[in-house]
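Chain and residue survey
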2 protein chains.
Amino acid sequence: MMRLTRRQQEIYDILRSDADIMQRPPTYDELCQRLGLRSRGSLHKHIQALVMAGLVEPMEGKQRGIRLVSAAQQEQGIPMLGRIAAGHPIEAVEQTENISVPDAMAGSKPRYALQVSGDSMIDEGIFDGDYVVIEQSAAADNGDIVVALIDQQETTLKRLEQQPGKIILHPANATMSPMIYKPDQIQIQGILIGLIRYY
Amino acid sequence: MMRLTRRQQEIYDILRSDADIMQRPPTYDELCQRLGLRSRGSLHKHIQALVMAGLVEPMEGKQRGIRLVSAAQQEQGIPMLGRIAAGHPIEAVEQTENISVPDAMAGSKPRYALQVSGDSMIDEGIFDGDYVVIEQSAAADNGDIVVALIDQQETTLKRLEQQPGKIILHPANATMSPMIYKPDQIQIQGILIGLIRYY
DNA sequence: TTGTTTGTTCTCCTGTTGTTCTCTATTCTA
DNA sequence: TAGAATAGAGAACAACAGGAGAACAAACAA
C-alpha cells in the first residue's frame, strides 16, 4: 500500500475513529476547523492522497462525500480483466475483480491480469488456464511477448517482431505459423511481465 | 551478504526492534537524536549502507522513507528454500528469505517456494528459473507433480505414478525417460500447487 | 429562481527533510 | 608507521510536505 505522510495518517485516523463522522461525513470546512486548517484547498490535497491510496472513496463533487473504503474492498492485487485467446477479443468478465499477485508483479505502472485461453503459446510454457500479468504499454521491444489488438477486433498474446513496414506475431506452438501484419493493423496493449499458474 | 559495521548493526537493531518505528518510519533528524548524532549526513551514509545490504528499502527522496525490507516480507509470503534440480539435492540458499506469492497460494498448511533449475519438466510448462510453490506433504496422488527425495540424496521435481511395488517418476521432457524406483527409495516431500514466472 | 454553501483547481509560499559535498578524527590493519 | 576503513560534523542544495488564499462551478437550501 502507498505510504501515507504524517498529515494524511492523522486525517485518516480521525475519519476512521470518530463515531460522529462515521454517521454523518463532515464537510471540508468542518474537517479544516478540527485540524486547525484555514484553507480547504490544503485539506483537499490530503483527501485526494487518501483517495489515491484507496482508503477513501472518490466523492465526485458530492457534498459531505468523504466516505471510507471498507477494508474488504480495499484495492489490493491487480484487476483481472478477462480471458485472452488467440482470435477473439478479450472476453471481459462481467465484474472486474482483483486478483492477488506477488508484490514484485505489482509495480507502480498500471498492470492487469488476463487468463489465457488456448494453446497458442504452449511452447513458451504458457498454458491454457494460466494467468498472465500484463503491463500496460503502447510500445514494446522485439522479442517481448505482448497483448496485441489486431484490426481493432481480435486480441491475442504473441511474441512480437517489428520490422520496417511489417509486424510479425509469433505463436509458440509448433502447429501454428507466424502472422504478418501491416503496422497500422496492430496496436500493442501491453507487455507480459509475469505468469501465475495454479495446480 | 555484506557484513555490517558496528554502527550499521546498531542502527539496524533499532529499526528492527522499535515498535514505534515499525508503525511510523522516523525522519533522519529523529533517528539522529536517538543515536546522539548531530549530522544527518553521517546517518545518511549508514542508511545507504543498509540499503546496499538489502536490509532497508530504498526511499527515493520520500520523507519518512526509512522502511525495513524484511518487515514487509516477514508478515507475508512463504520461505524460499533454494533451487531444485533434477539429480541434485536442494541447493539451500544461505539466508532463507521470504518471497511474496498470491494470497491463494499462501494456504494454511506449510508451504515453501523453490526455484527450478533445469529443463526436466519443460513439457509441463515448468521452465528453468521459474518459482514453484510446494505444499509440504508426505503423500500424494498419482498424477501429482511432487518434490521427491531419492535414496535420501537427490531431490527432484517430477510427476508421480505409484504402482504396487514400484514408484515411477515421470519427467516432462521428450529427451528424458521415466525413472522407476522401489517404494522405500522414494520419499515425497511436497506437492506442486503453484507456479510463478517473471519475464 | 436566487443566494449560499461546498468541493475543486490553481498559484504561491514556507519550513522540513533527504541528499551530496568536503573536511576531520579515530580505529584498525598490512 | 602509512594507509584504509569507519565515523562524524557541517554546509549547501533540491525535493517534498504542508499550508494560504483566490477563483470557479456544482450542489444545495430557501
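Before going into details, it helps to say that this report is about the structure given with it. (Residues numbered from 1 in each chain as written. Chains lettered and ligands numbered in written order. Predicted model: local features only at pLDDT ≥ 70, side-chain atom pairs only at ≥ 80, totals over all residues. Heavy atoms only, no water.)

Close to DNA strand D lie 25 residues; T5(A), S39(A), T5(B), R7(B) and S39(B) are nearest. Among atoms of DNA strand D positioned within 4 Å of the protein, sugar and phosphate together represent 63%. With respect to DNA strand D, the side chain of T5(B) contributes an N or O atom lying 2.6 Å from a phosphate oxygen. (Near = heavy atom within 4 Å. Polar contact = N/O pair within 3.5 Å; in protein donor to acceptor, adjacent residues only side chain to side chain.)

It is worth spelling out the pattern of salt bridges at this point. For the coordinates displayed, the defined rule picks out 11 salt bridges over all chains. Between D13(A) and R16(A) there is a salt bridge whose closest N-O contact spans 2.9 Å. Taken together, the positions of D13(A) and R16(A), both in helix 1 (residues 6-17) and three residues apart, correspond to about one turn of that helix. The salt bridge involving R7(B) is made with E10(B); its shortest N-O contact spans 2.9 Å. Highlighted residues: R7(B) and E10(B), both in helix 1 (residues 6-17), separated by three residues, approximately one helical turn. (Salt bridge = Lys/Arg side-chain N within 4 Å of Asp/Glu carboxyl O. Helix = DSSP H or I, 4+ residues; strand = E, 2+ residues; numbered from the N terminus.)

Residues and elements named next belong to chain A. One pass over the structure, following the stated rule, counts two aromatic pairs over all chains. Note on Y131 and Y198: the rings are 6.2 Å apart at their centroids and 80° apart in plane angle, and the pair reads as edge-to-face. One end of the pair, Y131, is in strand 6 (residues 131-136); the other, Y198, is in strand 11 (residues 186-198), and 67 residues separate them in sequence. The positively charged end of R197 is found above the aromatic ring belonging to F127, 4.8 Å away from the centroid. (Phe/Tyr/Trp six-rings, centres within 6.5 Å; stacked < 30°, edge-to-face > 60°. Lys NZ or Arg CZ within 6 Å of the ring centre and 35° of its normal.)

Facing the 26 residues of chain B at the interface are 25 residues of chain A. Its largest share of buried area at the contact with chain A, chain B owes to R24(B), Y198(B) and Y199(B), together 26% of the area lost on that side. Here chain B and chain A share zero salt bridges between them. The interface formed by chain B and chain A includes eight residue pairs in polar contact (both at pLDDT 80 or more). Ranked by the residues each element gives to the side of chain B that touches chain A, the list is headed by strand 11 (residues 186-198) of chain B, at seven residues. Split by residue class, the side of chain B that touches chain A holds 13 nonpolar, six polar and seven charged. Of the strand pairs in this sheet, strand 11 of chain A and strand 11 of chain B are connected by five bridges, and their pairing is antiparallel. Its bridge partner lying in strand 11 of chain B, G194(A) is registered against Y198(B). (Contact = heavy atoms within 4.5 Å. Buried area = accessible area lost by both parts, 1.4 Å probe. Nonpolar A, V, L, I, M, F, W, Y, C, P; charged D, E, K, R; others polar. Pairing = 2+ DSSP bridges.)

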